[in-house]
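Below are the chains, spelled out letter by letter.
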Amino acid sequence: MNNSDYTILLVDDEPDILEFVSYNLIKEDFKVITASDGETGLKKAKKESPHLILLDVMMPGMDGIETCDQIRKTPGLEGTLIAFLTARGEDYSQVAGFDAGADDYITKPIKPKVLISRIKALLRRYGQSVQNESIQQFGNLSIDLDKYQVSLKGKKLDLPRKEFELLSLLVSRPGKVFHRDEILDKIWGNEVVVGGRTIDVHIRKLREKIGDKLIKTVKGVGYKFEA
């Protein structure tokens, strides 16, 4: 797909930001829609079904976190990419954003070229998921969710079921910080987990097989996947 095939919804209560970001996106041939508050942004999202939504966090009325949460609950918008574009860079704010369903968190100020690069990276992910939802591709790493197969540089890796499920969970939302309790619940459920370091052991084994740069540790919180 070309840039002109993508629709981006920009939601921010600052007119200068709307104008500045819109200008740079339009220069790259993206179709841009704007909204100055969360409620209007949600309505336009439902009407236009954009490929990507850029959200500010601090907005009057419905803030960005709540808007993101509502978008994720809206039928038909499940596959829409959401990225926060905000001046708030605190860890707790980022965690709240990812917990609400965001795909990325971009801190202002940011240079136009860097912003466009981040946006294009996100949209490539969208294109890959549309092309084949069962196969996730991250550089040299390929994950076939249907066949339970993982390949690195074309070579198949032997991953036990739990390691595969853990990797699949992390890559399902690149950039999102998965809390340790959430990982235990989704991967092990009601199974008896021996020792509190079970997740750490599986993460270590995954890193040994796919490299130690893709899975990041967020101290005191959990883990995230970064391609």
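Before any of the text, the structure's been laid out above.
Below, the structure is looked at part by part. (Residues numbered from 1 in each chain as written. Predicted model: local features only at pLDDT ≥ 70, side-chain atom pairs only at ≥ 80, totals over all residues. Heavy atoms only, no water.)

### Let's talk about the overall build of the chain
Scanning the chain from terminus to terminus reveals 8 helices and 12 strands. What you see for the chain is a C-alpha radius of gyration of 18 Å, in line with the 17 Å of a compact globule of 227 residues. In terms of principal-axis extent, the alpha carbons of the chain reach across some 55 × 35 × 35 Å. Classification of the 227 residues of the chain by burial places 46% in the buried group. Sequence separation of 24 or more characterises 55% of the internal contacts of the chain that already satisfy a separation of 6 or more. By element, 49% of the accessible surface of the chain is carried by carbon and sulfur atoms, the whole surface being about 12,100 Å². Counting 35 positive and 35 negative side-chain charges, the chain places the centres of these two groups 6 Å from one another. (Helix = DSSP H or I, 4+ residues; strand = E, 2+ residues; numbered from the N terminus. Rg over C-alpha atoms; globule rule 2.2 N^0.38 Å. Buried < 20%, exposed > 50% of the residue type's maximum accessible area, 1.4 Å probe, protein only. Contact = heavy atoms within 4.5 Å. Areas by Shrake-Rupley, 256 points an atom, 1.4 Å probe, with all protein chains shown as cover. Lys, Arg positive; Asp, Glu negative; His and termini not counted. Charge placed at Lys NZ, Arg CZ, Asp CG, Glu CD.)

### Digging into the environment of Ile 65
Tracing the chain through its elements places Ile 65 in helix H3 (residues 64-72). Remark: the alpha-carbon pair of Ile 65 and Ala 100, spanning 35 residues in sequence, is separated by 6.2 Å. In this view, Ile 65 contacts Val 57, Phe 84, Ala 96, Gly 97 and Ala 100; residues no more than four positions away in its chain are not counted.

### Focus on helix H2 (residues 38-48)
Of all the residues in H2, the buried ones are Gly 38, Gly 41, Leu 42 and Ala 45. When H2 is viewed along its axis, its buried side chains cluster within an angular range of 100 degrees and face the same direction. Turned more than 90 degrees from where H2 packs its buried face, Lys 43 and Lys 47 sit exposed. Looking at where H2 begins, the residue whose side-chain oxygen comes 3.2 Å from the main-chain nitrogen of Glu 39 is Asp 37. Positive backbone phi, at 50 degrees, marks Ser 49, one or two positions downstream of H2. (Arc of directions from axis to C-beta. Polar contact = N/O pair within 3.5 Å; in protein donor to acceptor, adjacent residues only side chain to side chain.)

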